[in-house]
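Architecture and fold: a report
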Amino acid sequence: MSTLLSVCELTMRFGGLTAIDQLSLEVPAGKITGIIGPNGAGKTTLFNCLTGFYKPTTGTLRLNHPTRGELRLESLSSHRVARDAQVVRTFQNIRLFPKMTVLENLIVAQHNVLQRASKFSIAGIFALPVYRKAEGEAMARAETWLRRLKLERLADHAAGDLPYGIQRRIEIARALCVNPVLLCLDEPAAGLNPRESAELNELLLYLCGEMGIAILLIEHDMSVVMNVSDHICVINYGRKIAEGSPEKVQNDPQVIKAYLGEDDEDDADDASGGIAA
Amino acid sequence: MSAVVFARHQITPAERLRDAGWVAFVALILGIPLIGLTTVDAGGSLEVSTRFGLLAACVVAAFGGRLGLRWMIDTMGARKLERQRADTGKSVGISPVKVVNVIGWIALGASIALPIMYSDNRYVVDTATTVLIYVMLGWGLNVVVGLAGLLDLGYVAFYAVGAYSYALLSTQYGWGFWEALPVSGGLAATFGILLGYPILRLRGDYLAIVTLGFGEIIRIILVNWTEFSNGPNGISSIPRPTLFGLEFSRSAAEGEQTFSTFFGIDYSPMHRLIFLYYLILVLALLTHAFVSRLRKLPIGRAWEALREDEIACQAMGMNTTNIKLSAFAIGAMLGGFAGMFFAARQGFISPESFTFTESAIILAIVVLGGMGSQMGVVLAATLLVLIPEFGRNFSEYRMLLFGAAMVLIMVWKPSGLLSHREPTLRLSRGGARNQDALEEAAQ
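Keep in mind that this is a model prediction, so the values were computed, not measured.

Observations regarding the overall build of chain A
Tallying secondary structure elements over chain A gives eleven helices and ten strands in all. Here chain A has a C-alpha radius of gyration of 20 Å; the compact-globule value for 277 residues is 19 Å, and the two agree. Structurally, chain A occupies a C-alpha span of about 70 × 40 × 35 Å along its principal axes. Scored against the burial criterion, the 277 residues of chain A give a buried share of 56%. By sequence separation, contacts in chain A at least 24 residues apart represent 64% of the contacts at least 6 residues apart. Just so you have it, chain A exposes about 11800 Å², and 50% of that area is on carbon and sulfur atoms. If the 29 positive side-chain charges of chain A are averaged to one point and the 34 negative ones to another, these points end up 11 Å apart.

Right, dumping it as structure tokens:
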């Protein structure tokens, strides 16, 4: 089992607040790695560091890209993380392009390929074959993912007008159109009903099993994390407190303490994150 | 249906009266110094006299006006809600896109026919030319504000750069209109990038302030750098554009021909006006074709995505720096072309023509038209130029009329005259099933 991403002694400080403290983590290629922890544990901060939205205070993020060799994510800006390292994320509070249609959202995700083919828009303006071919391919890719995520009938609707659960699916479809090697999903099951989260499980297993995409998953919905993750990492107060298979993590006394608190010190601990399942 | 009506909060007459009362109160407070008190010249000294009768009339007018306005807003809102209720479940009758397209073709036909119909009416052709300049400016600013969502309050700066670059190139170096056209556009685009670079990180209000400042900087430089721009006196005798070397004047220079002698027709000063009209029409149509095409290309979709969510753009691997700069550059270039045409048409330019009011009017055209809507810009530009023109009969009440018209448009259509957004591409299969799909998804 090869390692795709290794996070080494990552620390992120905001003034006096240490959001992530000496965190080390390995993400294997082609597997699903779950990240859980109570609210405010630093999970989303970890994603922001990974995807270039924050510059880590110290630590390294090494990505073994299958074709481009080793890339240091901490030195890349956010758009280069997605473009060059192909590490693509979704957001906890969905960030679609609301007035654009679902299809347009998926085409915008392929901007870099299309922009290159449009040759500074000149080939695009005159609809030269080189651009038309690229556009056709982009449409085909978008259509494939629309069909796979059962969105093809909604393709021409404005994304912002659609129900919440569907917007979550669109965001995943859009991330897939960037052609990720590592897909970082920030609470993809939040706000989904049980049927939708069962479908999400199936999708995640398909993506990593059939497509070979490694997935890093932040999730509070235990029916998702425990069922699909190959490996789980538990974070609390920016530190890793446990790691291992779902069964092992579930029975870890440290984890139970982090989530439910201890009998004799229930004051400061924020146990409200709670295990949802 | 009745459930809907009950669900809406019913505004009681008492509430309406209270609301109008507040407005009348504000009008009273403002009106005391503005209307109630006035100075009269009493033989060498000034005396304060009162006009409380007029003040009372104004306060009553404000009260009545507010009542009427509220009533209008409420009935319109209720009617719209009812219409929406009636529409759900039904398929859309006539798509708004088709209507807009038909209007567009009619407008195009009318604008081509206009100078032929009014070939001896200088005023009509001149006003129509002004409308087209604003249409072109609106289309240019639409790229920056409507598509990319970058609020630019200093757009007139690029208009000025275009105008002055042609004015200086032609009067100092003897360049013709057509040689100077790409250079002026290029210079304006360069200024667009120069402005864009330092403000990449700014958004919303902050961006608006800096762009406002940039517009003023350019104007103040033009006023004060006398050696360069001849200061407030402006630049005069700017050469007019020629038609493939044919001049539109009574007599041609040595070795040149005039338009009238070449075609063997009598000289008329209207020829030049009509030529200028068609020139700006062609420039505007090229702008329209260019912007509409860009909108359907990756760059145009990237601008719209940037307007929708910049963070998501970055997460999709898009270089937002380049996207912003390209929007600024292309918007500025189009403004530069319009400015250059303006200089060539007027024959004289001075910093007076490039004040903040111009920026505000161009922005008003984009906002009133409906952000990002190309046809909306045409409608709004026509309205905003024609209302003050028709208002000429009302002399000093002209600007009042202009303001009232803008308020009414914003009440009637808060998101602009034409706010419908047409997708840049569609999945090949028809939209008839979309409604069922949406209902299915909602379950």
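The rest of the description comes next.
Examining the side chain of A:Glu104
In this structure, A:Glu104 sits in helix H3 (residues 102-108). A polar atom in the side chain of A:Glu104 sits 2.9 Å from the backbone nitrogen of A:Thr101. For A:Glu104, the contacting residues outside a window of four places in its chain are B:Arg301, B:Arg421, B:Pro423, B:Thr424 and B:Leu425.

Describing the domain arrangement of chain A
Residues and elements named next belong to chain A. Examined at the domain level, chain A breaks down into domain 1 (1-86 + 180-277) and domain 2 (102-178). Computed over C-alpha atoms only, the centres of domain 1 and domain 2 are separated by 28 Å. The interface of domain 1 with domain 2 comprises 21 residues on the first partner and twelve residues on the second. Summed over both sides, the interface between domain 1 and domain 2 buries roughly 1300 Å², with carbon and sulfur atoms accounting for 67% of that surface. Of all residues in domain 1, Pro180, Leu203 and Tyr206 bury the most surface against domain 2, accounting for 29% of the area lost on that side.

Points about the interface of chain B and chain A
On the chain A side, the residues contacting the 38 residues of chain B number 47 residues. In total, chain B and chain A occlude about 3800 Å² of area from one another, counting both sides; carbon and sulfur atoms represent 63% of this. One can count two salt bridges joining chain B with chain A. Across the pair A:Glu104 and B:Arg421 runs a salt bridge, and its minimum N-O distance is 2.9 Å. There are ten residue pairs in polar contact (both at pLDDT 80 or more) connecting chain B and chain A.

Here we look at the packing of helix H5 (residues 122-147) of chain B against helix H15 (residues 356-369) of chain B
For any two helices packed against each other, one specifies the crossing angle of their axes together with the interaxial distance. All names here are of chain B. As a packed pair, H5 and H15 sit with axes 8 Å apart at the nearest point and diverge in direction by 75 degrees. In terms of orientation, H5 and H15 fall into the roughly perpendicular class. Contact residues: Tyr134, Leu137, Gly138, Leu141, Asn142, Val145 and Gly146 in H5; Glu358, Ile361, Ile362, Leu363, Ile365 and Val366 in H15. Taken together, the residues that form the contact of H5 with H15 break down as nine nonpolar, three polar and one charged.

Quick word on the confidence of the model for chain B
Residues and elements named next belong to chain B. Summing up the model confidence of chain B, the mean pLDDT is 86 and the portion of residues at 70 or higher is 91%. The low-confidence segment residues 1-7, where pLDDT is below 50, has five contacts with residues more than four positions distant or belonging to other chains. Considering only residues more than four positions removed or in separate chains, one finds that residues 430-434, a stretch of pLDDT under 50, has four contacts.

Looking at a positive patch on the surface
Residue and element names in this part refer to chain B. Side chains of Arg79, Lys80, Arg83 and Lys413 sit close together on the surface and give a patch of like positive charge. Its place among the elements puts Arg79 in helix H3 (residues 52-87). With a relative accessible area of 52%, Arg79 lands in the exposed category.

Some words on unusual backbone geometry
Backbone geometry places A:Tyr237, a non-glycine residue, at a positive phi of 50 degrees. By the secondary structure assignment, A:Tyr237 is in the loop between strand S9 (231-236) and strand S10 (239-244). Positive phi values are uncommon outside glycine, yet B:Ser237 reaches one of about 45 degrees.

Regarding the packing of H15(B) against helix H17 (residues 398-412) of chain B
All names here are of chain B. Look at H15 against H17: their axes get within 10 Å of each other, and the N-to-C directions meet at 30 degrees. The orientation of H15 with respect to H17, classified from their angle, is roughly parallel. The two elements H15 and H17 cross, and the hand of that crossing is left-handed. Only Met406, Ile409 and Met410 of H17 make contact with H15, whose side of the interface consists of Ala364, Val367 and Leu368. Looking at the contact of H15 with H17 residue by residue, the class counts come to six nonpolar, no polar and no charged.

Overview of the packing of aromatic side chains
Residue and element names in this part refer to chain B. One pass over the structure, following the stated rule, counts 17 aromatic pairs over all chains. For the ring pair Phe177 and Trp178, a centre distance of 5.0 Å and an interplane angle of 85 degrees mean the geometry is edge-to-face. Judged by its relative accessible area of 3%, Phe177 is buried. Judged by relative accessible area, which is 40%, Trp178 ranks as partly exposed. For the ring pair Trp225 and Phe228, a centre distance of 4.6 Å and an interplane angle of 25 degrees mean the geometry is stacked. Judged by relative accessible area, which is 44%, Trp225 ranks as partly exposed. When its relative accessible area of 39% is taken as the criterion, Phe228 is described as partly exposed.

Things to note about the pattern of salt bridges
Residues and elements named next belong to chain A. Summed over the entire model, instances satisfying the criterion amount to 24 salt bridges over all chains. Residues Arg89 and Asp186 are paired through a salt bridge, measuring 3.9 Å at the closest nitrogen-oxygen approach. Residue Arg89 is found in strand S6 (residues 87-89), and its partner Asp186 is found in strand S7 (residues 182-186); the two are separated by 97 residues along the sequence. Summarising the burial analysis for this pair, Arg89 and Asp186 share the class buried.

Regarding the sheet that holds strand S4 (residues 58-65) of chain A
Residues and elements named next belong to chain A. A sheet is described by the order of its strands in space; here four strands give the open sequence S2-S1-S4-S5, paired in antiparallel fashion. Looking at which strands have only one partner, the edges of the open sheet turn out to be strand S2 (17-28) and strand S5 (69-72). Across this sheet, the average inter-strand angle for adjacent strands is 20 degrees, counted without regard to direction. As paired elements, strand S1 (residues 3-14) and S4 share five bridges and run antiparallel to each other. By the bridge assignment for S4, Cys8 is matched with Thr60. Together, S1, S2 and S4 form the strand contacts of helix H1 (residues 43-50), whose direction differs from that of S1 by roughly 110 degrees.

Calculation notes
- Residues numbered from 1 in each chain as written.
- Chains lettered and ligands numbered in written order.
- Predicted model: local features only at pLDDT ≥ 70, side-chain atom pairs only at ≥ 80, totals over all residues.
- Heavy atoms only, no water.
- Helix = DSSP H or I, 4+ residues; strand = E, 2+ residues; numbered from the N terminus.
- Rg over C-alpha atoms; globule rule 2.2 N^0.38 Å.
- Buried < 20%, exposed > 50% of the residue type's maximum accessible area, 1.4 Å probe, protein only.
- Contact = heavy atoms within 4.5 Å.
- Areas by Shrake-Rupley, 256 points an atom, 1.4 Å probe, with all protein chains shown as cover.
- Lys, Arg positive; Asp, Glu negative; His and termini not counted.
- Charge placed at Lys NZ, Arg CZ, Asp CG, Glu CD.
- Polar contact = N/O pair within 3.5 Å; in protein donor to acceptor, adjacent residues only side chain to side chain.
- Domains from an automatic or database assignment.
- Buried area = accessible area lost by both parts, 1.4 Å probe.
- Salt bridge = Lys/Arg side-chain N within 4 Å of Asp/Glu carboxyl O.
- Axes fitted to C-alpha atoms, helices over the stretch in contact; angles between N-to-C directions.
- Parallel < 35°, antiparallel > 145°, perpendicular 65-115°, else oblique.
- Nonpolar A, V, L, I, M, F, W, Y, C, P; charged D, E, K, R; others polar.
- pLDDT = per-residue confidence, 0-100.
- Patch = residues over 30% accessible without salt bridge, like charges linked within 9 Å, V, L, I, M, F, W, Y side chains within 5 Å.
- Left-handed = near helix turned anticlockwise from the far one by under 90°.
- Phe/Tyr/Trp six-rings, centres within 6.5 Å; stacked < 30°, edge-to-face > 60°.
- Pairing = 2+ DSSP bridges.

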